[in-house]
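Structural overview
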Amino acid sequence: MGLAKELDTTLQAMGSGRPLKGEEEEASLSPILTMAPAWLCLLCLFIPQLATGLLWGQEVKGQGVDGLRYGQAQGRSRNPPPCQVPTPTAGRYVQLADVVRILPQAFPGAQPAEVYVDVPENYGGNFPLYLTKLPLPRKETEGQIVLSGDSGVAAEGPFAVDPETGFLLVTRALDREEQAEYQLQVTLETEDGRVLWGPQHVLVHVKDENDQVPHFSQAIYKVQLSQGTRPGVPFFFLEASDGDAPGTANSDLRFHILNQAPSQPSADMFQLEPQLGALALSPEGSTSLDQALEGPYQLLVQVKDMGDQASGHQATATIDVSIVENTWVPPDPVHLAENLQVPYPHHIAQVHWSGGDVHYHLESQPLGPFDVDKEGKLYVTRELDREAQAEYLLRVRAQNTRGEDYTEPLELHVVVMDENDNVPVCPPRGPAISMPELSPPGTKVAKLSVEDADAPGSPNSHIVYRLLSPEPEEGAEGRAFELDSTSGSVTLGAAPLQAGQNILLQVLVIDLGGAEGGLSSTCEIAVTITDINDHAPEFTTSQIEPLSLPEDTEPGTLVTTLMATDADLEPAFRLMDFAIEAGDAEGTFGLDWEPDSGRVQLRLLKNLSYEAAPSHKLVVVVRSVAEPVGPDPGPGATVTVTVLVERVVPPPQLDQESYEASVPVSTPAGSLLLTIRPSDPKRSPLRFSLVNDSEGWLCIEEVSGEVHIARALQGAQPGDMYTVLVEAQDADEPTLSTSATLVIHFLKAPSAPTPTLAPVPSRHLCTPRRDRGVVVGGPRGDPDLAGGHGPYSFALGPNPTAQRDWRLRALNGSHAYLTLGLHWVEPREHVVPIVVSHHDRVWQIQVRVIVCRCNVEGQCMRKVGRMKGMPTKLSAVGILVGTLIAIGIFLILIFTHLTLARKKDLDQPVDSVPLKAAV
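Basis of the calculations
- Residues numbered from 1 in each chain as written.
- Predicted model: local features only at pLDDT ≥ 70, side-chain atom pairs only at ≥ 80, totals over all residues.
- Heavy atoms only, no water.
- Helix = DSSP H or I, 4+ residues; strand = E, 2+ residues; numbered from the N terminus.
- Buried < 20%, exposed > 50% of the residue type's maximum accessible area, 1.4 Å probe, protein only.
- Areas by Shrake-Rupley, 256 points an atom, 1.4 Å probe, with all protein chains shown as cover.
- Disulfide = S-S within 2.5 Å.
- Phe/Tyr/Trp six-rings, centres within 6.5 Å; stacked < 30°, edge-to-face > 60°.
- Salt bridge = Lys/Arg side-chain N within 4 Å of Asp/Glu carboxyl O.
- Pairing = 2+ DSSP bridges.
- Axes fitted to C-alpha atoms, helices over the stretch in contact; angles between N-to-C directions.
- Core = buried A, V, L, I, M, F, W, Y, C linked by side-chain atoms within 4.5 Å.
- Contact = heavy atoms within 4.5 Å.
- UniProt positions renumbered as here; feature names shortened; annotations may be inferred.
- pLDDT = per-residue confidence, 0-100.
- Patch = residues over 30% accessible without salt bridge, like charges linked within 9 Å, V, L, I, M, F, W, Y side chains within 5 Å.
- Polar contact = N/O pair within 3.5 Å; in protein donor to acceptor, adjacent residues only side chain to side chain.
- Lys, Arg positive; Asp, Glu negative; His and termini not counted.

Quick look at the overall build of the chain
Assigned secondary structure in the chain consists of six helices and 55 strands. Taking all 919 residues of the chain together, 39% fall into the buried category. Split by element, the accessible area of the chain, about 51300 Å² in all, is 53% carbon and sulfur.

Side note on the state of the cysteines
A covalent bond between the sulfur atoms of two cysteines is what we call a disulfide. If you walk through the whole model with that rule in mind, you get one disulfide. Sulfur-sulfur distance for the disulfide between Cys-426 and Cys-523 comes to 1.8 Å. Its S-S torsion of approximately -80 degrees makes the covalent link between Cys-426 and Cys-523 left-handed. Placement of Cys-426 in the loop between strand E26 (410–417) and strand E27 (433–436) and of Cys-523 in strand E33 (residues 520–530) is noted, with a sequence separation of 97 residues between them. The exposure class assigned to Cys-426 is partly exposed, which follows from its relative accessible area of 21%.

Quick notes on the packing of aromatic side chains
In the structure shown here, the tally under the stated rule is 16 aromatic pairs. Centre to centre, the rings of Phe-270 and Tyr-297 are 5.5 Å apart; their planes meet at 75 degrees, and the pair counts as edge-to-face. Of this pair, Phe-270 sits in strand E16 (residues 270–272) while Tyr-297 sits in strand E18 (residues 297–304), and the two are 27 residues apart along the sequence. Geometrically, the ring pair formed by Trp-697 and Tyr-722 is tilted, given 4.9 Å between the ring centres and 55 degrees between the ring planes. Here Trp-697, found in the loop between strand E44 (686–690) and strand E45 (698–700), pairs with Tyr-722, found in strand E47 (residues 721–730); they are 25 residues apart in sequence, far enough to count as distant. When its relative accessible area of 6% is taken as the criterion, Trp-697 is described as buried. Members of the aromatic cluster, joined through ring pairs, are Phe-216, Tyr-221, Phe-236 and Phe-255.

Thoughts on the pattern of salt bridges
Under the criterion given, the structure shown has 18 salt bridges. Here Arg-386 ties to Asp-418 by a salt bridge, and the two come within 3.0 Å at their closest N and O atoms. Residue Arg-386 is found in the loop between strand E24 (377–380) and strand E25 (391–399), and its partner Asp-418 is found in the loop between E26 and E27; the two are separated by 32 residues along the sequence. Residue Arg-386 is classed as buried on the basis of its relative accessible area, which comes to 18%.

Observations regarding the sheet that holds E44
If you walk across this open sheet you meet the four strands as E42-E48-E47-E44, and the pairing is mixed. The open sheet has two free edges, formed respectively by strand E42 (658–664) and E44, since each of these has just one partner strand. Averaged over all pairs of adjacent strands, the angle between strand axes in this sheet comes to 25 degrees, irrespective of strand direction. Two elements, E42 and strand E48 (residues 737–747), share seven bridges in a ladder whose sense is parallel.

Some details on the nonpolar core
Phe-235, Leu-238, Phe-270, Ile-319, Val-321, Phe-370 and Leu-378 are the most contacted members of the largest nonpolar core, which has 49 residues in total. Take this core: its biggest share by element is five residues, from strand E19 (residues 314–324). Dropping the residues within four chain positions of it, Leu-378 is found in contact with His-346, His-347, Ile-348, Ala-349, Val-351, Leu-362, Asp-371, Val-372, Leu-394, Val-396 and Leu-412. Core analysis: the second largest hydrophobic core is formed by 26 residues, Leu-673, Ile-676, Leu-686 and Leu-690 among them.

A word on the UniProt feature "transmembrane region" (unreviewed entry) in the chain
Feature annotation in UniProt places "transmembrane region" (unreviewed entry) on residues 874–895, given in this structure's numbering. Helix makes up 100% of residues 874–895 and strand 0%, whereas the separation of the span's terminal C-alpha atoms amounts to 32 Å.

Describing the confidence of the model for the chain
With 78% of its residues at a pLDDT of 70 or more, the chain has an overall mean of 78. For residues 1–109, every residue scores under 50 in pLDDT, and the model assigns this stretch 174 contacts once sequence neighbours within four places are set aside. Here residues 910–919 is modelled with pLDDT under 50, and outside its nearest four sequence neighbours on either side it reaches zero contacts, counting other chains as well.

Observations regarding unusual backbone geometry
The amide bond that connects Gly-198 to the next residue, Pro-199, takes the cis arrangement and shows omega of 5 degrees. By secondary structure assignment, the location of Pro-199 is in strand E10 (residues 195–207). Following Ser-469, the chain continues into Pro-470 via a peptide bond in cis, with omega recorded as 5 degrees. In this fold, Pro-470 is placed in the loop between strand E29 (464–469) and strand E30 (481–483).

A short note on a nonpolar patch on the surface
Taken together, the side chains of Leu-880, Leu-884, Ile-887, Phe-890, Leu-891, Ile-894, Phe-895 and Leu-898 define a hydrophobic patch exposed on the protein surface, amounting to about 810 Å² of accessible area. With respect to the helices and strands, the residue Ile-887 is situated in helix H6 (residues 873–907).

Topic: the environment of Trp-806
The residue Trp-806 is located in strand E52 (residues 806–810) in this model. The spatial distance from the C-alpha of Trp-806 to the C-alpha of Val-832 is 8.1 Å, given a sequence separation of 26 residues. Discounting residues that sit within four places of it in the chain, Trp-806 has contacts with Leu-765, Leu-796, Leu-818, Thr-819, Leu-820, Gly-821, His-830, Val-832, Val-849 and Val-851.

What about the pairing of strand E4 (residues 115–120)?
Counting buried residues along E4, five of its six residues qualify, which places the element largely inside the surrounding structure. In this structure, E4 lies alongside E10, joined through six bridges in parallel fashion. Bridging from a neighbouring strand, Val-115 pairs with Val-202 of E10.

A word on the sheet that holds strand E54 (residues 829–838)
With mixed pairing, the four strands of this open sheet are ordered in space as E49-E55-E54-E51. Of all the strands in the sheet, the pair left with one neighbour each is strand E49 (763–767) and strand E51 (793–796). Direction aside, the axes of adjacent strands within the sheet are offset by 40 degrees on average. Here E49 pairs with strand E55 (residues 841–853) via five bridges, running parallel. Counterpart to Leu-765 in the pairing with E55 is Val-851.

Let's talk about the side chain of Ser-364
Note that Ser-364 resides in strand E22 (residues 359–365). For Ser-364, the side chain forms a polar contact with the main-chain nitrogen of Gly-368, separated by 3.1 Å. Setting aside its immediate chain neighbours within four residues, Ser-364 contacts Phe-370, Tyr-392, Leu-393 and Leu-394.

Here's the deal with the side chain of Asp-693
With respect to the helices, strands and loops of the structure, Asp-693 is situated in the loop between E44 and E45. For the buried residue Asp-693, which engages in no salt bridge, the nearest side chain bearing the opposite charge is Arg-711, 7.6 Å off. Polar contacts involving the side chain of Asp-693 include one to the main-chain amide nitrogen of Gly-696, which spans 3.2 Å. In this structure the side chain of Asp-693 is engaged in a polar contact, spanning 2.3 Å, whose partner is the side chain of Tyr-722. In this structure Asp-693 touches Leu-698, Tyr-722 and Val-724, once residues within four positions along its chain are discounted.

Looking at the environment of Ala-337
With respect to the helices and strands, the residue Ala-337 is situated in strand E20 (residues 334–337). Sequence separation between Ala-337 and Asp-385 is 48 residues; the distance between their C-alpha atoms is 8.7 Å. The residues contacting Ala-337, other than those within four sequence positions of it, are Met-417 and Glu-419.

Pasting the structure below:
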């Protein structure tokens, strides 16, 4: 009871707004601190109720700590003393982010619930204004109250906390349009920043008041109104806005028409929907516009907030309405070709609603690939198929933004024009039709019935028939089948048919009457020709290539097999009989066959003799066992077989079955190894050759059989063996031959002094290339070879230019031939590197070749220098000029002399001139 009494005293003091001071505060808190868990629960339950009346002139509503929310503070003309807060210099409350030392009362319990506070916008009373008491704890230890806010609240913001009473207060008026809500946070912290209590979240909501004036989006609106617009259908929507809180009466706007000018023919031509601002024609206005083109009209409209209340802010605007002629007329029917190959979507028609703010809507019956854009252009979006749908009915609607029709929809008929896009359809192929062999021409075989899905009676479905196969045989008088191009009837033709034929008739059917561009299909009719016995057997070939048999062939040997066929199908008609009709009077050959096989074997019955008969020409005949029928079965077929008798000659033989030879690896080219000889010197001569000389080291004389070293044994190692095959053919009978193996054993080469390179003097070659070259010699001083030369290998040095411009080939084991590799090589002195190798030794020599231009005789043309004592060009010119000057002076003297003599004659008297004899 003592604890309850003390708690009641403390809470009453808190409820009266009187702060506890000194000993009274300590005396009242002492028992509470003793039983902290008990009064903690009671305090959490009763603090919200005891907070009632703490604010004089405020209405406080709360429902406990969880979900605690206080009502908004209503402004009064005067504030009671509890709302009077000392100046900030007194240190009685906490500004945002200020820290004040107090005696905190920490609750080590649950997180405090968020506190919601409503504050009126543009509050006109005194400040600071107490908002709500925060549920701050009390404790003996000291702490710091820290008030922080969201990013929209500055450090000198409008909120503070009274450290002694724990009230949250605001220091100035708030503007909802500037910020509608504030997120605050209160914590109790130690000096080192450790949080003892909190954070306590506080949401401050700024309650809106009607302090914003509505305004239109434009001061003057320009609107077009078309004749024919339905009454009551909005053709224009006003736009206005209000900065007050959305969804409240402060921003609830109403629209009205204040004035219409002119007021003729009716003062109420238009009507304006108050809430949406939708402008439409009135019934009277619609009737007047349909009769005559009136206007323009000017409307003065008003927008006001606070809904239907009389009070509120307002604004005005002007609407200039222009009346335009009705252009909403139905377009002509559209004819579209099916399968039209154009880019899609393809423009087909145009509609136009002369009024403003129009949205076009298209409907298709049945549903088709059509569309309309915002400008009223109608499109087809893909190809049309007449066989799927031949006609479409399109309805185009002119609508406002709410989807209401301004007027009646327009109808447009779309007719799909037929195109030849369907191929003729053949009937399914049935079972084969049986026709007896040798049936008379004109016999009916079948009749085709083809369908075309294109328009009936049009050229697109006009079908003609053409027979594709079988084609008439070359030289035949007519076809085996005839076809009526109009009806599709197939009959037998004049050409005969053979039994057993399975004929597939292919008929081409074409629409458009067979004209160019028509579509076609190929129909098939299977026909089987039944058999009669009208064919005689025949050999598969009438002439056999000559066959050769040695004269010692044993009797009973199969010579050849002959094949005969019979075109008849019945097995009884294909039984055949064979005989040797001519060329075997002695009975040397015989025949063996099965009657129903068509295969006959020619066999040798007696020994052959080349001297008695070098050849036999046999004629074999085949006949049918049963007598053929028909108009002309023909005689029996024959085949000629020529048998040539071959004289038997024994093959040649060599004096040894195999040959062996041993040579040093340094053996020079041209050295003789051995001689291959026949075993019988008296028989016809032999021709020798080497078969598998892969390295090309050897060569053999064709007549004498002498085997020589062809080139240096480069790559051969001592101890190796090299095997080749020697073949000998009879010179008179090349088909008779024999062979023997030749094995070469390589020995170690004797030591030799290092050879010296033969000096290569400079040479001259002509360009363009002629059939001339430079002979290059190998090193000297090799004692193993006579004359100082040896089996050397020559190759161009590793110089790409030299390998491109020059060619080198071996002449023998000691020399090589160097020629130009290109048709034209630059005329100058060239140094050609040549690599010479002998066994494992390699040398390089530099061959100097002077390339010069060639004359017609293929010789080098050399540049000739000036001969000593000969004049130079300058001296020659001087001599020529001096000569000409001398000749000129001489001529001048002569002309001068002649002129003086002529003048002297003219100066003499006439009588002094002697008379000349007249002739």
